[in-house]
Amino acid sequence: MPKTPEEAVEYVRKNKVEWIDLQFTDVPGRLQHVTIPASDFTEEDIKVGFGKLDGSSIKGFTTIYESDMVLSPVLESLNVLPWSPNVARVLTKVYWGGGRGRFERDPRYIGERAEEHLAEAGYVSYYGPELEFFLFDRVDVDVKTPQSGTGYKITAREAPWNGGGYLIRYKEGYYPAPPVDQLMDVRLEIIQTLTKYFGFHVEAAHHEVATAGQGEIDYRFSTLVDSADKLQTLKYVIRNVASKHNLVATFMPKPMFGDNGTGMHTHFSLWTKDGKKNMMYDPNDEYAEISQFGRYAIGGILSHARALSAIVSPTVNSYRRLIPGFEAPVYIAWSKGNRSAVIRVPSYYKGMEKAKRIEYRAPDPSTNPYLAFAAIAAAAMDGVTKKIDPGNPVDENIYHLTPEKRRELGIRELPRSLDEALDELESDNEFLKPIFNPSILETFIELKREEARTLQMYPHPMEIYYYLDV
Ligand code: GLN
Ligand code: MG
Ligand code: MG
Ligand code: MG
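Calculation notes
Residues numbered from 1 in each chain as written. Chains lettered and ligands numbered in written order. Predicted model: local features only at pLDDT ≥ 70, side-chain atom pairs only at ≥ 80, totals over all residues. Heavy atoms only, no water. UniProt positions renumbered as here; feature names shortened; annotations may be inferred. Helix = DSSP H or I, 4+ residues; strand = E, 2+ residues; numbered from the N terminus. Buried < 20%, exposed > 50% of the residue type's maximum accessible area, 1.4 Å probe, protein only. Contact = heavy atoms within 4.5 Å. Areas by Shrake-Rupley, 256 points an atom, 1.4 Å probe, with all protein chains shown as cover. Lys, Arg positive; Asp, Glu negative; His and termini not counted. Charge placed at Lys NZ, Arg CZ, Asp CG, Glu CD. Polar contact = N/O pair within 3.5 Å; in protein donor to acceptor, adjacent residues only side chain to side chain. Patch = residues over 30% accessible without salt bridge, like charges linked within 9 Å, V, L, I, M, F, W, Y side chains within 5 Å. Salt bridge = Lys/Arg side-chain N within 4 Å of Asp/Glu carboxyl O. Axes fitted to C-alpha atoms, helices over the stretch in contact; angles between N-to-C directions. Parallel < 35°, antiparallel > 145°, perpendicular 65-115°, else oblique. Left-handed = near helix turned anticlockwise from the far one by under 90°. Nonpolar A, V, L, I, M, F, W, Y, C, P; charged D, E, K, R; others polar. Domains from an automatic or database assignment. Buried area = accessible area lost by both parts, 1.4 Å probe. Donors = N, O, S within 2.8 Å, 3.2 Å for Na, K, Ca; no water. Near = heavy atom within 4 Å. Expected span 1.5 Å × (residues − 1).

- An unreviewed UniProt entry lists the chain under the name Glutamine synthetase, with Metallosphaera yellowstonensis MK1 given as the organism.
- Among the UniProt annotations of the chain, the heading Subcellular location (unreviewed entry) holds the following wording: "Cytoplasm".
- Under Sequence similarities (unreviewed entry), UniProt gives the following word-for-word description of the chain: "Belongs to the glutamine synthetase family."

What follows is the structure in structure tokens.
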């Protein structure tokens, strides 16, 4: 991967690249792009950035009277696109035009701020997200929405109702080898693209529990911004490879009623800044080799869990996933093996310092990874600074505890809707302030309130079914 402007220009020349795709992420978390000719990708221009961005129509960016922005390439991310080999994409940092400095609502900037904040305190954080997704058949249908046109019909290649072939029985999708698993070829192409072209270290790829076309891909954990960059790249590759196979990849948290949703469990650890000592690890702790420092970090995340939901589970659809019975978290508690708790301390290995981390199970892939990872860091650091006690671990299946028992153990619940989560975020955001500037926070809340309000205006088809004859 190129590091200097000279190396970048050389990379473009050597690979006969004709177009450069400048990419960045909007506030809700979608990857955006603008394409420029490779002949304009000169050493001088790489240094000053590319003034090609009108930020006025990008969610959370700028108003129409103040919209000239500059994109400055992150050269390590320059990559030929295997599906259009004369194009190379590069991730960028967003700046205000006219030399007015860094654009404060660029989500990647918030990620960078989080890394600086941690470094000032003497730490570095690592993130290993487990990205789940569904692959659906792509069929042209007339969608009855205000923008009626070509849409996607929700059926999966493996859905029982597609008939024929080898069927995956309800909730038996996890791990049966092909030919039952019919998405091996697509997943393989995805992970080969990632390793061959994008420098990924893929750790695992597999079918997930949901019956119809759910998968998961995990890559090697990395530092905050790098891991968020990777997550954006991973989603981008999954979408494009799926599209080549005439499939649609979706990261929406709960596309199917009655089957598992799509999560993005995030493995998180804090180390000393030199990367030498894992602060989460204590070989003498009998419960899970988790240190007191690690317990405080858990305490921070648990105490802010309801506000964090607005950032890590940030869509109306997220709250259809966070219900009992589908391995998604509902209760604010921590544990070793218990998958009904929102934080788990995986204990696969004994005595292995580098493997000690916590698994935060609330995030889903509709989140913006830069904001999510930054918010997790902020909550954990708040716990460490204030020595927030996470309480005792809960090893029983919390779904099965009575409400009285839960109350007795002091177990609270995650919010049940996006609006409820946003209420929490509005009243509990002091802990984010060292990292999140007021502008990104206000813009985020405003966008998400609008999203909740818009969807609330639509009568759902199931409401017609329930209420037509009331
Ligand atoms: N899909 C589940 C979720 O929504 C997780 C299942 C798993 O990874 N064991 O979080
Ligand atoms: Mg997994
Ligand atoms: Mg999984
Ligand atoms: Mg997991």
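Now that the structure is up, let's keep going.
Quick notes on the overall build of the chain
Right, on to step 1. Helix and strand counts for the chain come out as 13 helices and 18 strands.
Right, on to step 2. Considering only C-alpha atoms, the chain reaches an extent of 65 × 55 × 45 Å along its principal axes.
Right, on to step 3. With 470 residues in all, the chain has 56% of them scored as buried.
Right, on to step 4. Look at the contacts in the chain between residues 6 or more apart in sequence, and 69% of them connect residues 24 or more apart.
Right, on to step 5. When the accessible surface of the chain is split by element, carbon and sulfur atoms take 52% of a total near 21,400 Å².
Right, on to step 6. Where the 55 positive side-chain charges of the chain centre and where its 66 negative ones centre are 3 Å apart.

A closer look at the UniProt feature "binding site: Mg(2+)" (unreviewed entry) in the chain
Right, on to step 1. UniProt's feature table lists "binding site: Mg(2+)" (unreviewed entry) at Glu130, Glu132, Glu208, Glu216, His265 and Glu359, given in the numbering used throughout.
Right, on to step 2. Relative to the helices and strands, Glu216 is located in strand E11 (residues 214–219).
Right, on to step 3. The class for Glu216 is buried, based on a relative accessible area of 2%.
Right, on to step 4. With respect to the secondary-structure elements, Glu359 resides in strand E17 (residues 358–360).
Right, on to step 5. Under the relative-accessibility criterion, Glu359 is labelled buried at 2%.
Right, on to step 6. In this structure, Glu359 is in contact with Glu130, His265, Thr266, His267, Val342, Ile343, Arg344 and Pro346, ignoring residues within four places of it in sequence.
Right, on to step 7. A distance of 3.1 Å separates a polar atom in the side chain of Glu359 from a polar atom in the side chain of His265.

Overview of a nonpolar patch on the surface
Right, on to step 1. Residues Met462, Tyr465, Tyr466, Tyr467 and Val470 make up a contiguous nonpolar surface patch of about 680 Å² in total accessible area.
Right, on to step 2. With respect to the helices and strands, Tyr465 occurs in helix H13 (residues 461–467).
Right, on to step 3. Overall, the relative accessible area of 64% leaves Tyr465 in the exposed class.

Thoughts on the packing of helix H3 (residues 107–121) against helix H9 (residues 369–386)
Right, on to step 1. Close contact between H3 and H9 brings their axes to 8 Å; oriented N to C, the two are set at 25 degrees. Compared by their axis directions, H3 and H9 come out roughly parallel. Considering only the axes of H3 and H9, their crossing is left-handed. Of the residues in H9, those in contact with Pro107, Arg108, Ile110, Gly111, Ala114, Leu118 and Ala121 of H3 are Tyr370, Leu371, Ala374, Ala377 and Met381.
Right, on to step 2. Class assignment for the residues of the contact of H3 with H9 results in ten nonpolar, one polar and one charged.

Description of the domain arrangement of the chain
The parts lose accessible area when they come together, and the size of an interface is often stated as this lost area.
Right, on to step 1. Domain parsing of the chain yields domain 1 (5–103) and domain 2 (114–136 + 143–153 + 174–205 + 214–468).
Right, on to step 2. A straight line from the C-alpha centre of domain 1 to that of domain 2 covers 28 Å.
Right, on to step 3. Taken together, the contacts link 18 residues of domain 1 with 18 residues of domain 2.
Right, on to step 4. Here domain 1 meets domain 2 over a buried area of about 1,500 Å², counting both sides, of which 64% is carbon and sulfur.
Right, on to step 5. Of all residues in domain 1, the largest losses of buried area upon contact with domain 2 belong to Val27, Pro82 and Trp83, amounting jointly to 37% of the total for that side.
Right, on to step 6. Between the two partners, domain 1 and domain 2, sit zero salt bridges.
Right, on to step 7. Summed over the shared surface of domain 1 and domain 2, the result is seven residue pairs in polar contact (both at pLDDT 80 or more).
Right, on to step 8. When contributions to the side of domain 1 that touches domain 2 are tallied by element, the ones reaching two or more residues are strand E1 (19–25), strand E5 (79–81) and strand E6 (84–96).
Right, on to step 9. Across the side of domain 1 that touches domain 2, the residue classes tally to eight nonpolar, five polar and five charged.

What about the coordination of the magnesium ion (ligand 3)?
Right, on to step 1. Taken together, Glu132 (OE), Glu208 (OE) and Glu216 (OE) make up the protein donors of the magnesium ion (ligand 3), found 2.0 to 2.1 Å from the metal.
Right, on to step 2. Written as a sequence motif, the donor residues of the magnesium ion (ligand 3) are E-x75-E-x7-E.
Right, on to step 3. A separation of 3.5 Å is found between the magnesium ion (ligand 3) and the magnesium ion (ligand 2), both of which receive a donor from Glu216. Within this pair, whereas Glu132 is found in strand E7 (residues 123–137), its partner Glu208 is found in the loop between strand E10 (202–207) and E11, the two being separated by 76 residues in sequence. Here the two residues Glu132 and Glu208 agree in accessibility, since each one is buried.

Re the coordination of the magnesium ion (ligand 4)
Right, on to step 1. Within the first shell, the magnesium ion (ligand 4) binds the protein through Glu130 (OE), His265 (ND1) and Glu359 (OE), at distances of 2.0 to 2.4 Å.
Right, on to step 2. Donor residues binding the magnesium ion (ligand 4) come from one chain and are separated in sequence as E-x134-H-x93-E.
Right, on to step 3. The distance between the magnesium ion (ligand 4) and the magnesium ion (ligand 2) is 4.0 Å, with Glu130 acting as a donor to both metals. Remark: Glu359 occurs in strand E17 and His265 occurs in the loop between strand E13 (247–250) and strand E14 (266–272); sequence separation between them is 94 residues. The two residues His265 and Glu359 agree in class, both being buried.

Some words on the site of ligand 1
Right, on to step 1. Close to ligand 1 lie Glu132, Glu208, Gly261, Gly263, His265, Arg321, Phe326 and Glu327.
Right, on to step 2. Separating an oxygen atom of ligand 1 from a side-chain N or O atom of Arg321 is a distance of 2.7 Å.
Right, on to step 3. Burial of ligand 1 by the surrounding chains reaches 96%, relative to a free accessible area of 300 Å².
Right, on to step 4. For the shell around ligand 1, a count of residues per class yields one nonpolar, three polar and four charged.

Thoughts on the environment of Arg407
Right, on to step 1. For Arg407, the position within the fold is in helix H10 (residues 403–408).
Right, on to step 2. Sequence separation between Arg407 and Tyr287 is 120 residues; the distance between their C-alpha atoms is 23 Å.

A short note on helix H6 (residues 292–303)
Right, on to step 1. Here H6 contains twelve residues, and its C-alpha end-to-end distance of 16 Å stays within 8% of the 16 Å for a straight helix at 1.5 Å per residue.
Right, on to step 2. In terms of burial, H6 is largely enclosed, as ten of its twelve residues are buried.
Right, on to step 3. Listed in full, the buried residues belonging to H6 are Phe293, Gly294, Arg295, Tyr296, Ala297, Ile298, Gly299, Gly300, Ile301 and Leu302.

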